[in-house]
There are 2 protein chains.
Amino acid sequence: MNFSIAIIGTGNVAWHLIPALEDAGHTITEIYGRDIEKAEQLTGRVYEAEATDDLDFSESKAEIFILAVSDTAIVELADELILPEDSILVHTSGSVSLEMLGYSSATYTGIFYPLQTFSKGREIDFSEVPFLLESDDQTTLQKLQKLAKSLSPIQYVVKSKDRKALHVAAVFAGNFTNHMIRIAEEIMNRQGLDFEMLKPLVIEAVSKSLQLGAKKAQTGPAIREDFTTLENHYQFLNYNESVAEIYKLISQDIIDSQ
Amino acid sequence: MNFSIAIIGTGNVAWHLIPALEDAGHTITEIYGRDIEKAEQLTGRVYEAEATDDLDFSESKAEIFILAVSDTAIVELADELILPEDSILVHTSGSVSLEMLGYSSATYTGIFYPLQTFSKGREIDFSEVPFLLESDDQTTLQKLQKLAKSLSPIQYVVKSKDRKALHVAAVFAGNFTNHMIRIAEEIMNRQGLDFEMLKPLVIEAVSKSLQLGAKKAQTGPAIREDFTTLENHYQFLNYNESVAEIYKLISQDIIDSQ
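Residues numbered from 1 in each chain as written. Chains lettered and ligands numbered in written order. Predicted model: local features only at pLDDT ≥ 70, side-chain atom pairs only at ≥ 80, totals over all residues. Heavy atoms only, no water.

1. Concerning the pattern of salt bridges
No. 1: Going through the model one piece at a time under the given rule, you end up with 11 salt bridges over all chains.
No. 2: Note that E196(A) is salt-bridged to K199(A), the shortest N-O span being 3.3 Å.
No. 3: By relative accessible area, which is 42% here, E196(A) ends up partly exposed.
No. 4: Notably, a salt bridge pairs R182(B) with E186(B), separated by 3.1 Å at the nearest N-O pair. Note that R182(B) and E186(B) are positioned in helix α5 (residues 160-190) at a spacing of four residues, about one turn of the helix.
No. 5: For R182(B), a relative accessible area of 9% corresponds to the buried category.
No. 6: For E186(B), a relative accessible area of 39% translates into the label partly exposed. (Salt bridge = Lys/Arg side-chain N within 4 Å of Asp/Glu carboxyl O. Buried < 20%, exposed > 50% of the residue type's maximum accessible area, 1.4 Å probe, protein only. Helix = DSSP H or I, 4+ residues; strand = E, 2+ residues; numbered from the N terminus.)

2. Considerations on unusual backbone geometry
No. 1: A positive phi is found at E225(A), a non-glycine position, where the angle reads about 50 degrees.
No. 2: Checked against the element boundaries, E225(A) lands in the loop between α7 (214-217) and α8 (227-236).

3. Structural notes on the packing of helix α6 (residues 199-212) of chain A against helix α6 (residues 199-212) of chain B
No. 1: Running from amino to carboxyl end, α6(A) crosses α6(B) at an angle of 180 degrees, the nearest separation of the two axes being 11 Å. Considering their axes alone, α6(A) and α6(B) lie roughly antiparallel with respect to each other. Contact residues: K199(A), V202(A), I203(A), V206(A) and L210(A) in α6(A); K199(B), V202(B), I203(B), V206(B) and L210(B) in α6(B).
No. 2: Looking at the contact of α6(A) with α6(B), its residues break down into eight nonpolar, no polar and two charged. (Axes fitted to C-alpha atoms, helices over the stretch in contact; angles between N-to-C directions. Parallel < 35°, antiparallel > 145°, perpendicular 65-115°, else oblique. Contact = heavy atoms within 4.5 Å. Nonpolar A, V, L, I, M, F, W, Y, C, P; charged D, E, K, R; others polar.)

4. Digging into the relation of the copies chain B and chain A
No. 1: Between chain B and chain A, the superposition needs a rotation of 180 degrees and an axial shift of 0.0 Å, giving an RMSD of 0.0 Å. Classification of the inter-copy transformation places it as that of a two-fold axis. Judged by C-alpha distance, T177(B) is the residue of chain B that lies nearest the rotation axis, at 2.4 Å.
No. 2: When you check the interface residues of chain B against chain A, 99% turn up at the interface there too, and the contact is symmetric in its surfaces. (Least-squares fit on C-alpha atoms with pLDDT ≥ 70 in both.)

5. Describing the domain arrangement of chain A
Residues and elements named next belong to chain A.
No. 1: Along its sequence, chain A is carved into domain 1 (4-158) and domain 2 (163-256).
No. 2: Between domain 1 and domain 2, the C-alpha centre-to-centre distance is 35 Å.
No. 3: Contacts between domain 1 and domain 2 engage 13 residues on the former and five residues on the latter.
No. 4: In total, domain 1 and domain 2 occlude about 730 Å² of area from one another, counting both sides; carbon and sulfur atoms represent 58% of this.
No. 5: On the domain 1 side of the contact with domain 2, G94, S95 and V158 bury the most area, a combined 43% of that side's loss.
No. 6: For R163, the salt bridge goes to E134, with nearest N and O atoms at 3.3 Å. (Domains from an automatic or database assignment. Buried area = accessible area lost by both parts, 1.4 Å probe.)

6. What to know about the nonpolar core
No. 1: Residues F172(A), L198(A), F172(B) and L198(B) are the most contacted members of the largest nonpolar core, which totals 80 residues.
No. 2: Put simply, the parts of the chain that give this core at least two residues each are β6 (108-114), α5 (160-190), α6 and α9 (241-256) of chain A together with β6 (108-114), α5, α6 and α9 (241-256) of chain B.
No. 3: In this structure F172(B) touches M180(A), I183(A), A184(A), I187(A), L237(A), V243(A), I246(A), Y247(A) and T177(B), once residues within four positions along its chain are discounted. (Core = buried A, V, L, I, M, F, W, Y, C linked by side-chain atoms within 4.5 Å.)

7. Some details on a negative patch on the surface
All names here are of chain A.
No. 1: A surface patch of negative charge is lined by D35, E37, E40, D53, D54, D56 and E59.
No. 2: Of note, E37 is situated in helix α2 (residues 36-43).
No. 3: On the basis of relative accessible area, E37 is assigned to the exposed category, the value being 59%. (Patch = residues over 30% accessible without salt bridge, like charges linked within 9 Å, V, L, I, M, F, W, Y side chains within 5 Å. Areas by Shrake-Rupley, 256 points an atom, 1.4 Å probe, with all protein chains shown as cover. Lys, Arg positive; Asp, Glu negative; His and termini not counted. Charge placed at Lys NZ, Arg CZ, Asp CG, Glu CD.)

8. Considerations on the UniProt feature "domain: Pyrroline-5-carboxylate reductase catalytic N-terminal" (unreviewed entry) in chain A
No. 1: When the UniProt feature table is mapped onto this chain, "domain: Pyrroline-5-carboxylate reductase catalytic N-terminal" (unreviewed entry) is found at residues 5-91 of chain A.
No. 2: As annotated, residues 5-91 of chain A comprises 34% helix and 24% strand, and the C-alpha atoms at either end are separated by 13 Å. (UniProt positions renumbered as here; feature names shortened; annotations may be inferred.)

9. Quick notes on the sheet that holds strand β7 (residues 131-134) of chain B
Residue and element names in this part refer to chain B.
No. 1: Taken together, the eight strands give an open sheet; going across it, the order is β3-β2-β1-β4-β5-β6-β7-β8, and neighbouring strands pair in mixed fashion. Because the sheet does not close on itself, it has two edges, and the strands there are β3 (50-52) and β8 (155-157). Along the sheet, successive strands turn relative to each other by an average axial angle of 25 degrees, direction set aside.
No. 2: As paired elements, β6 and β7 share four bridges and run antiparallel to each other. Within the sheet, the bridge partner assigned to I111 lies in β7 and is E134.
No. 3: Across the sheet, helix α3 (residues 71-80) lies against β1 (4-8), β2 (27-32), β4 (64-67) and β5 (88-91), angled at about 145 degrees from β4, the strand it touches most.
No. 4: Each of β5, β6 and β7 touches α5; the most contacted strand, β6, lies at about 25 degrees to it. (Pairing = 2+ DSSP bridges.)

10. Focus: α2(A)
All names here are of chain A.
No. 1: Among the residues of α2, A39, L42 and T43 are the ones counted as buried. Seen end-on, α2 carries its buried residues on one side only, within an arc spanning 105 degrees. Across α2 from its buried face, at more than 90 degrees, point the exposed residues E37 and Q41.
No. 2: The residue sitting at the N-terminus of α2 and contributing the capping side-chain oxygen is D35; that oxygen lies 3.0 Å from the backbone nitrogen of E37. (Arc of directions from axis to C-beta. Polar contact = N/O pair within 3.5 Å; in protein donor to acceptor, adjacent residues only side chain to side chain.)

11. Concerning the environment of A214(B)
No. 1: Following the sequence through the fold, A214(B) ends up in helix α7 (residues 214-217).
No. 2: C-alpha of A214(B) to C-alpha of E80(B): the two residues are 134 residues apart in sequence and 45 Å apart in space.
No. 3: When sequence neighbours within four positions are dropped, the list of residues in contact with A214(B) reads N178(A), I181(A), R182(A), E185(A) and S209(B).

12. Topic: the interface of chain B and chain A
No. 1: Across the boundary between the two partners, chain B contributes 87 residues, which contact 88 residues of chain A.
No. 2: When the two sides are added together, the surface that chain B and chain A hide from each other amounts to roughly 8300 Å², 66% of it contributed by carbon and sulfur.
No. 3: Of all residues in chain B, R122(B), F172(B) and M197(B) give up the largest surface area on contact with chain A, accounting jointly for 9% of the area buried on that side.
No. 4: Linking chain B with chain A are three salt bridges, by the criterion used here.
No. 5: The shortest N-O distance in the salt bridge between D71(B) and R224(A) comes to 4.0 Å.

The structure is reproduced here in structure tokens:
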């Protein structure tokens, strides 16, 4: 089943989603950007799509409208959009309730949340991306399932409350693991050491964590309660109060959650 | 060049190193454990090696003695070991100085630090493990380089001071990424959600971080300075003060280090 789809937004999610949807056989009718130049850049990624900075979609041929914008912009844009009869409006956010689309002019609403981290300059294989779906309307939910299935075999129907919890977990699992690597990079750079040395460790630590479960996989001075090393590391980090404090708190939490 | 090697210690590093050394053509002469039963368990992993709980190695045929014990036990054991003439004593720790072996009865001392996280129940491919080596004696350093080369093509000569800095970085890159995954697991479990859903995100986040560099790879509410979501997440986590505090501190550090 192929859909006609309008994309509202020009960020990282839109950047990756737009060509993937076209490759899966769907038609991108319009791409909306507050900044029309950004929308025009994105139309270049597909065969045929119109760039627009007008929120009046009453004449649009799209059936599904995907709001791929920052969480803070969702409600405002949802309220201002003028949508055609029988249209479905979905957003792609992990942390915004379905209810937030309740005052839009859409006939049906839903969630179409790709649980992945998107950056320009990094290809995404959508066939490995889980899609988290939600709608109060069964027919809409089925359509979203078909749309998701055209991109990926992995999909879940998840209520807003659970999706929000999952989004907090995703911040730890994605953004915060990345920040731990960031801090490690800075320690290495500051010492004039090549971060390359640490890459096999990162890969093994994360692979092991996913295979054995993180509790069983833990090693290092905190889990060994090696307070001499913990204190030495804390002292070493005193050039950056915030990083030293992060070291202390996480080490204590590792000790406490054995 | 093949060596005769005695292993002092029965922990995770010894567990993985012993069969790898034998596979590389070296001879394991003795395996020491304070608890001899543990040493005997380890002798089962190689063709021929003697289990012992005696620190007197004056009659040993080993040339290289590898201290693979916890950081806190290194100095005590190093001092108590009775080693034969012309022996080389090394330890495998990231955070203990070379000097700490200075009062041992070894003729030569050095560091033989495999920069990896080791757990039983998880196979290690030593050919991808970087070895960090150090010795004040050139001939000893060359021997350690040959020994490391028999296990892995990746090796670096690193001074104690740099190795200690690197070890702090390794705690962030390995142990703390693992703990972020641990916290994510617990949030999912508490909500009755399957952690499996988050695995593609973890894999992509870490791969992206290593490819683009963690600064460029960062996404999520903190880097977007989406304070509404940050506050919601913080409130959500109020059932666990320590985890809520970790959330707050890391988010702030992401914002501050843009």
